[in-house]
Amino acid sequence: MRLLSGAACVLLLGACSAATPVELPATPSPVVASIAPSPAAAGHAPTRTFAVATRTLRFKRGDRKLPTTVYYPKASGHFPVVIFGHGLNGNPTGYAELLRRWAAAGFVIAAPAFPHTSAGVAKFDVMDVLNQPADVSAVLDGLTALPASDGVRKILDLKAVAAAGHSAGGITTVGVFSSQPRDARFTAGVVLAGNSLGVGQAFTGTPAPMLFVHAEQDPVVPAYTDRAVFDALSWPRAYLPLTGDGHSAPYASRRDPQFTLVVSATVDFLRWALYRDASARARLLRVRGLDSHL
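About the cut-offs
Residues numbered from 1 in each chain as written. Predicted model: local features only at pLDDT ≥ 70, side-chain atom pairs only at ≥ 80, totals over all residues. Heavy atoms only, no water. Helix = DSSP H or I, 4+ residues; strand = E, 2+ residues; numbered from the N terminus. Buried < 20%, exposed > 50% of the residue type's maximum accessible area, 1.4 Å probe, protein only. Contact = heavy atoms within 4.5 Å. Areas by Shrake-Rupley, 256 points an atom, 1.4 Å probe, with all protein chains shown as cover. Pairing = 2+ DSSP bridges. Axes fitted to C-alpha atoms, helices over the stretch in contact; angles between N-to-C directions. Salt bridge = Lys/Arg side-chain N within 4 Å of Asp/Glu carboxyl O. Right-handed = clockwise from strand over helix to strand, strands pointing away. Phe/Tyr/Trp six-rings, centres within 6.5 Å; stacked < 30°, edge-to-face > 60°. Core = buried A, V, L, I, M, F, W, Y, C linked by side-chain atoms within 4.5 Å.

1. Considerations on the overall build of the protein chain
Here's step 1: When helices and strands are counted, the protein chain shows 9 helices and 9 strands.
Here's step 2: In the protein chain, buried positions account for 60% of the 294 residues.
Here's step 3: In the protein chain, once contacts between residues fewer than 6 apart in sequence are set aside, the share between residues at least 24 apart is 74%.
Here's step 4: Carbon and sulfur atoms make up 54% of the accessible area of the protein chain, which totals about 11500 Å².

Following this line, the structure appears as structure tokens:
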């Protein structure tokens, strides 16, 4: 797998990733549909663990192909949506262990392979990260535009939507909330080993809760660059420092000693932010080392 050096990543846009190449391509159109009342508004996240199914949807924005891997609960009902962005030279399957656990907890995860920063692309361009926040919105447009009879469309709760990402995908997530104009459909964010390089810290619109997770000795994206975003933000937010120097493994491999902590903290954050589950917030606040302003 081809990866940029840590120094090049920091200098060019501050992000790298771990993952394996994936083959995919794309199709769709926007239009926001309204759904009556959001099931997530009930204030209780599911207590069961769901079996998980996967599917590839082929979206695009103009000539930008956005093949998207969807991880979703094999169940009836409506589930909040999380659009997840991979890191440089990554792809959705590289994060399958994390994304499957999110889906098993009761979320629909849509993970696009970005056209110029994913593994194996013909024209790799680190600066294309700046175009990816709009791609994230386009994936949400594509999900919204699926036919009402579509199996995935039937289970979407489009009134409870988060953006999340790792490394360059974390920068993309910050960009979703600092874009001009901001896409107001996204009401929560999860930034894993990211920062605001290139996209800025001018967060706009209605405050959305944000969770930042970063290894203190990350050699690729220095933790202080992510912490600076957290410190400058006035919205409800929490910062979880991880021990060690893991940049990718804590978010991609169950063999990493930090992986279980990342899963439990992010799941509880999403349960609180998207399901309004107060018990999940209470569990999150008990995590050792968490700096919380939620």
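2. A short note on the sheet that holds strand β8 (residues 237-242)
Here's step 1: Read across the open sheet, the 9 strands follow the order β1-β2-β4-β3-β5-β6-β7-β8-β9; overall the sheet is mixed. Edge positions in the sheet fall to β1 (52-61) and β9 (291-293), since each of these pairs with one other strand and no more. Each adjacent strand pair in this sheet contributes to an overall mean axis angle of 15°, direction not counted.
Here's step 2: Taken together, the 10 bridges between β1 and strand β2 (residues 64-73) define a ladder with antiparallel strand orientation. Note that in β2 the partner of phenylalanine 59 across the bridge is leucine 66.
Here's step 3: On top of the sheet, helix α2 (residues 96-104) reaches β1, β2, β3 (79-85), β4 (108-112), β5 (156-166) and β6 (188-192); it is set at about 50° to β2, its chief contact.

3. Concerning the pairing of β5
Here's step 1: For β5, the buried fraction is high: 10 of the 11 residues fall into the buried class.
Here's step 2: The pairing of β3 with β5 spans 7 bridges and is classified as parallel. Bridging across to β5, valine 81 finds its partner in valine 161.
Here's step 3: Of the strand pairs in this sheet, β5 and β6 are connected by 5 bridges, and their pairing is parallel. Its bridge partner being in β6, alanine 162 is matched across the sheet by alanine 188.

4. A few points about the pattern of salt bridges
Here's step 1: Inspection of every chain in the model, using the stated rule, returns 11 salt bridges.
Here's step 2: A salt bridge links arginine 185 to aspartate 141; the shortest N-O distance between them is 2.8 Å. Here aspartate 141 lies in helix α3 (residues 132-144) and arginine 185 lies in the loop between α5 (168-178) and β6, a separation of 44 residues in the sequence.
Here's step 3: Here arginine 227 makes a salt bridge to aspartate 231, at a shortest N to O gap of 3.3 Å. Taken together, the positions of arginine 227 and aspartate 231, both in helix α6 (residues 223-232) and 4 residues apart, correspond to about one turn of that helix.
Here's step 4: Classification of aspartate 231 as partly exposed rests on a relative accessible area of 48%.
Here's step 5: Sharing partners across several salt bridges, the network here consists of Arg61, Arg64, Asp128 and Asp135.

5. Notes on the environment of phenylalanine 212
Here's step 1: Of note, phenylalanine 212 is situated in strand β7 (residues 210-215).
Here's step 2: Each C-alpha atom, one on phenylalanine 212 and one on leucine 240, is 6.1 Å from the other, the two residues being 28 residues apart in sequence.

6. Some words on the pairing of β4
Here's step 1: The element β4 is extensively covered by neighbouring structure, given that 5 of its 5 residues are classed as buried.
Here's step 2: The two faces of β4 match: Val108, Ala110 and Pro112 on one face and Ile109 and Ala111 on the other face are all buried.
Here's step 3: Both β2 and β4 contribute to a ladder of 4 bridges, which runs antiparallel. Across the sheet, residue valine 70 finds its bridge partner in β4, namely alanine 110.
Here's step 4: Looking at chain direction, β3 and β4 are connected through 3 bridges and run parallel. When the bridges of β4 are listed, valine 82 appears paired with isoleucine 109.
Here's step 5: A crossover links β3 with its parallel partner β4, the connecting element being α2, and its sense is right-handed.

7. Considering the side chain of arginine 271
Here's step 1: Along the chain, arginine 271 turns up in helix α8 (residues 259-275).
Here's step 2: With a relative accessible area of 16%, arginine 271 lands in the buried category.
Here's step 3: Sequence-distant contacts of arginine 271, defined by excluding residues within four places in its chain, comprise Ala45, Pro46, Ala105, Phe107, Arg276, Asp277, Ala280 and Arg283.

8. Looking at the packing of aromatic side chains
Here's step 1: For the structure shown, the criterion picks out 9 aromatic pairs.
Here's step 2: Relative to phenylalanine 230, the ring of phenylalanine 212 lies with its centre 6.0 Å away and its plane at 80°, an arrangement referred to as edge-to-face. With phenylalanine 212 in strand β7 and phenylalanine 230 in helix α6, the pair connects residues that are 18 residues apart, well separated along the chain.
Here's step 3: With relative accessibility at 0%, the residue phenylalanine 212 sits in the buried group.
Here's step 4: On the basis of relative accessible area, phenylalanine 230 is assigned to the buried category, the value being 1%.
Here's step 5: Counting every residue linked through ring pairs, the aromatic cluster contains Phe84, Tyr95 and Trp102.

9. Remarks on the nonpolar core
Here's step 1: Trp102 and Phe269 are the most contacted members of the largest nonpolar core, which has 94 residues in total.
Here's step 2: Of the residues forming this core, the biggest block, 11 residues, is contributed by α8.

No statement about biological role is implied by the geometric values presented.
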